[in-house]
Every structure is written in structure tokens, then in C-alpha cells.
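Examining the three-dimensional arrangement
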Amino acid sequence: MSSEVMNVPGHSGDPDHDPTAELLQSAQPRRRLSKGTLYLRRFLRNRPAVAGVIILIVIILFALFGGLVAQHDYLATDFTALTAEPDADHWFGTNNAGNDIYAQTVHGLQRSLLIALIVAVGTTVISAVVGASAAYFGGLYERSTLVVIHFLMVVPTFLILAMISNASGGNWLIVATILTLTGWFFQARVIWTMALSLREREYVTAARFMGVRGIWIVIRHIIPNIGSLLIIQFTLGVVGAVLTETSLSFLGFGIKAPDVSLGALIGSGANTITSAPWLFYFPAAALTMLTVSMALVADGLRDALDPTSTAGGQA
């Protein structure tokens, strides 16, 4: 009898062996990954995006701690080294006033990053509330909001930015405020389009029937469900704010002395690019690394958060 049992197909001969239990165990579903873990894995598979994160971290560390090793203050003048080439005392050289370009590049990067973060946060919040509210409430409010948005989209905002910024004396906080107030309507138009498909969802209808106020439905139910879009818009908003502030300062309408930004440094260095190229190349390199890294991170986030994208691999 025992030899017959031993010859039964699928039986190992071990009296404790249970083929049924083994099959049930193999049929157990795998542990599901959380959304955050899935997005992180998809993002990490994108090598350019990972490289962008590394470059961005280096840039941020340089902006935060680069001044600790600077041998000179960004406002200090060295009259013994006017337009001096990079050396052991002035790592990035000096300008025609004797200012240390290394210290000014660190401070300019800090200023540009601070303005970009303020603008990106402000425009993302305003556009999310305005666009989602217009989509949810509809009717006259939606039509009026879209009229205002479409009007602002055709206004030459760069000229308004230049005039107001120039009149303010180049104060960085005023520049950040103006960039925020004139940079939200493009994003709001996109968010309005996305939110239209959410206002009739079951959870929104249920919240409405339960008597939840409309503004809380927008904040608690609609905006969180377009969070992936907001993350991407915030990242791209940082790039856009840096480039806009740089353009204004390059043309002389943005940050002005004694304060400095990357755009102001690049603008002043462009005039001496043949005689003193270090005045242009170091700030331009910092700006390029910042914008390229942020663009790579934005592309990686878009691919990781987009379920239809195959750039981040299969789930």
C-alpha cells in the first residue's frame, strides 16, 4: 500500500505533505503596493529623472551651505582685485567693482530659488482653488471666471511685470508677488478642464447630498484627486518662475543692486563675456543646472504619476 502511495503523481512521499495546501498557498494574492511606493518605483526606473534629482540636491546644498565656505561677503569689495580672474582667493573671480563672484553666485542662487518657490506655491494654490471652484459651482460663476482667465491670458503680462518691477526698485518680494499674481491663470484653465470630469463623481454627489458646503467639497474631494497634476504644475512652475525672473533681471527690470540674482549676474556678465567670461559662465552654469534638473524631475514625475505612460516601467 505504501509503495502505491509513493507512486501517486504529485505526492512526495512525505506523510505530512499536503498538495492542496501548497496549491492554495501559491494561489495567495501578492501584497498590493501602496500608491506612493508604486509611484516611487516608477520614478526611480527613470534614469534621467534620478539624475535630475541628484543635480537638484547638489544645487540646493550649494545654495544653502555654499556661503559657509565663502571667503568674502557678496557685498564686500576688494579694490586690489578688480575684474580679477579666478584664483585661490576669489574662486570664481571678481567683477569690475571687486565683488566676489562665488559669493554673489551663491546669494543669487538663493534669491532665485526663494522667488521660484514662493511663485510656484502661490500660483499652484490660486489656480487649484479658482479652477476647481469654477468647475464645481458652474453657472454664472464658472462663466465669469473663464472670462477673466481668458482676458488675462491675452494681456501682455511681461510688459506689466517689467513696468511694476522697475517702479518698485527691484525689490525681490514685490517681484515674487507680481509673478504670482500674473502666473496662475494658465494653470487654472488646465485645472478647470480636469476638474470638470470630477464634479459628477459619486463621492462628490454623496458629499453634496450630505450637506457639505461647496468650498469644502472643492478642497477635500476635488483638489486632492488632481494632486498628481498639481505636483507636476508646481515643479514646472519653479522652472517658469526662475526663467521669468532671470529674463526680467537680465533686461534690467528685475532684481537690482545691491541685491543680486542669477538673472542680474548673467545680465551684467553678458556685457563682458569676451573680456571677462567668468562673470557670465559661472552664474549661467548654475542657472542651467537648476532649470535642466527641474525639467528632468518634472518629466519623471509626469511619467511616474501617469498610469498610461510606459516610461516608468510596468506596475
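Located above this text is the structure these notes cover.
Describing the overall build of the protein
Within the protein, the regular secondary structure consists of 14 helices and 0 strands. Counting from the amino terminus, the protein carries its helices and strands in the arrangement α-α-α-α-α-α-α-α-α-α-α-α-α-α. In the protein, buried positions account for 41% of the 315 residues. For the protein, long-range pairs separated by at least 24 residues make up 69% of all intrachain contacts whose partners lie at least 6 apart in sequence. When the accessible area of the protein is evaluated, it comes to approximately 17,500 Å², of which 66% is carbon and sulfur surface.

Regarding helix H6 (residues 139-154)
Here H6 spans 23 Å end to end across 16 residues, near enough to the 22 Å set by a 1.5 Å rise per residue. Considered for burial, the residues of H6 that qualify are Glu142, Thr145, Leu146 and Ile149. Down the axis of H6, the smallest arc covering the buried residues is 100°, so these residues share one side. Opposite the buried face of H6, by more than 90 degrees, sit the exposed residues Leu140, Arg143, Val147, Phe151 and Val154. Those residues of H6 that are buried are in contact with helix H5 (101-137) and helix H9 (185-195).

Things to note about the nonpolar core
Generally speaking, nonpolar side chains in soluble globular proteins are found buried as a group. Membership of the largest hydrophobic core comes to 29 residues, with the highest contact counts inside it found for Leu109, Ile115, Val119, Leu179, Leu290 and Met294. Secondary-structure elements contributing two or more residues to this core are helix H4 (47-65), H5, helix H7 (157-167), helix H8 (172-181), helix H12 (227-250), helix H13 (262-270) and helix H14 (278-305). Listed in part, the 19 residues of the second largest apolar core include Ala134, Leu146, Ile226 and Leu229.

Topic: the packing of aromatic side chains
All chains considered together, the criterion is met by 9 aromatic pairs. Judged by centre distance (5.0 Å) and plane angle (75°), the ring pair of tryptophan 91 and tyrosine 102 falls under edge-to-face. With a gap of 11 residues between them, tryptophan 91 in the loop between H4 and H5 and tyrosine 102 in helix H5 connect regions that are remote in the sequence. Taken together, the ring pairs in this structure connect Phe62, Trp91, Phe92, Tyr102 and Phe282 into an aromatic cluster. Here the guanidinium or amino end of arginine 220 rests over the ring plane of tryptophan 216, the centre of that ring lying 4.9 Å away.

Notes on the environment of threonine 272
Relative to the assigned elements, threonine 272 resides in the loop between H13 and H14. Measuring from C-alpha to C-alpha, the distance between threonine 272 and asparagine 95 comes to 9.5 Å, with 177 residues separating the pair along the chain. The residues touching threonine 272, leaving out its near neighbours within four places in the chain, are Pro277 and Leu279.

Quick word on unusual backbone geometry
The residue threonine 83 is not glycine, and still its phi comes out positive at about 50°. Along the polypeptide, threonine 83 turns up in the loop between H4 and H5. Given the relative accessible area of 33%, threonine 83 is considered partly exposed.

Overview of the pattern of salt bridges
Taken as a whole, this structure holds 3 salt bridges when the rule is applied. Ionic pairing is found between aspartate 259 and arginine 111, a salt bridge with its closest N-O pair at 2.9 Å. Of the two residues, aspartate 259 sits in the loop between H12 and H13 while arginine 111 sits in helix H5, which places them 148 residues apart along the sequence. Here aspartate 259 matches arginine 111 in class, with each residue buried. A salt bridge links arginine 302 to aspartate 299; its shortest N-O distance comes to 3.7 Å. One end of the pair, arginine 302, and the other, aspartate 299, are both in helix H14, 3 residues apart, so they sit about a helical turn from each other. Each of Asp299, Arg302 and Asp303 takes part in one network of salt bridges that share partners.

Describing the packing of H5 against H12
Two measures define how a pair of helices packs: the angle their axes make with one another and the distance between the axes. Relative orientation of the contacting elements H5 and H12 amounts to 135°, with a least axis distance of 8 Å. Classed by the angle they form, the pair H5 and H12 counts as oblique. H12 is crossed by H5, and the crossing has right-handed handedness. Of the residues in H12, those touching H5 at Ser112, Ile115, Ala116, Leu117, Val119, Ala120, Val121, Thr124, Ser127 and Ala128 are Leu230, Gln233, Phe234, Gly237, Val238, Ala241, Val242 and Glu245. Within the contact of H5 with H12, the residues separate by chemical class into 12 nonpolar, 5 polar and 1 charged.

Digging into the environment of isoleucine 60
Relative to the helices and strands, isoleucine 60 resides in helix H4. Taking C-alpha positions, isoleucine 60 is 8.9 Å from leucine 290, a pair spaced 230 residues apart along the chain.

The rules we used
- Residues numbered from 1 in each chain as written.
- Predicted model: local features only at pLDDT ≥ 70, side-chain atom pairs only at ≥ 80, totals over all residues.
- Heavy atoms only, no water.
- Helix = DSSP H or I, 4+ residues; strand = E, 2+ residues; numbered from the N terminus.
- Buried < 20%, exposed > 50% of the residue type's maximum accessible area, 1.4 Å probe, protein only.
- Contact = heavy atoms within 4.5 Å.
- Areas by Shrake-Rupley, 256 points an atom, 1.4 Å probe, with all protein chains shown as cover.
- Expected span 1.5 Å × (residues − 1).
- Arc of directions from axis to C-beta.
- Core = buried A, V, L, I, M, F, W, Y, C linked by side-chain atoms within 4.5 Å.
- Phe/Tyr/Trp six-rings, centres within 6.5 Å; stacked < 30°, edge-to-face > 60°.
- Lys NZ or Arg CZ within 6 Å of the ring centre and 35° of its normal.
- Salt bridge = Lys/Arg side-chain N within 4 Å of Asp/Glu carboxyl O.
- Axes fitted to C-alpha atoms, helices over the stretch in contact; angles between N-to-C directions.
- Parallel < 35°, antiparallel > 145°, perpendicular 65-115°, else oblique.
- Left-handed = near helix turned anticlockwise from the far one by under 90°.
- Nonpolar A, V, L, I, M, F, W, Y, C, P; charged D, E, K, R; others polar.

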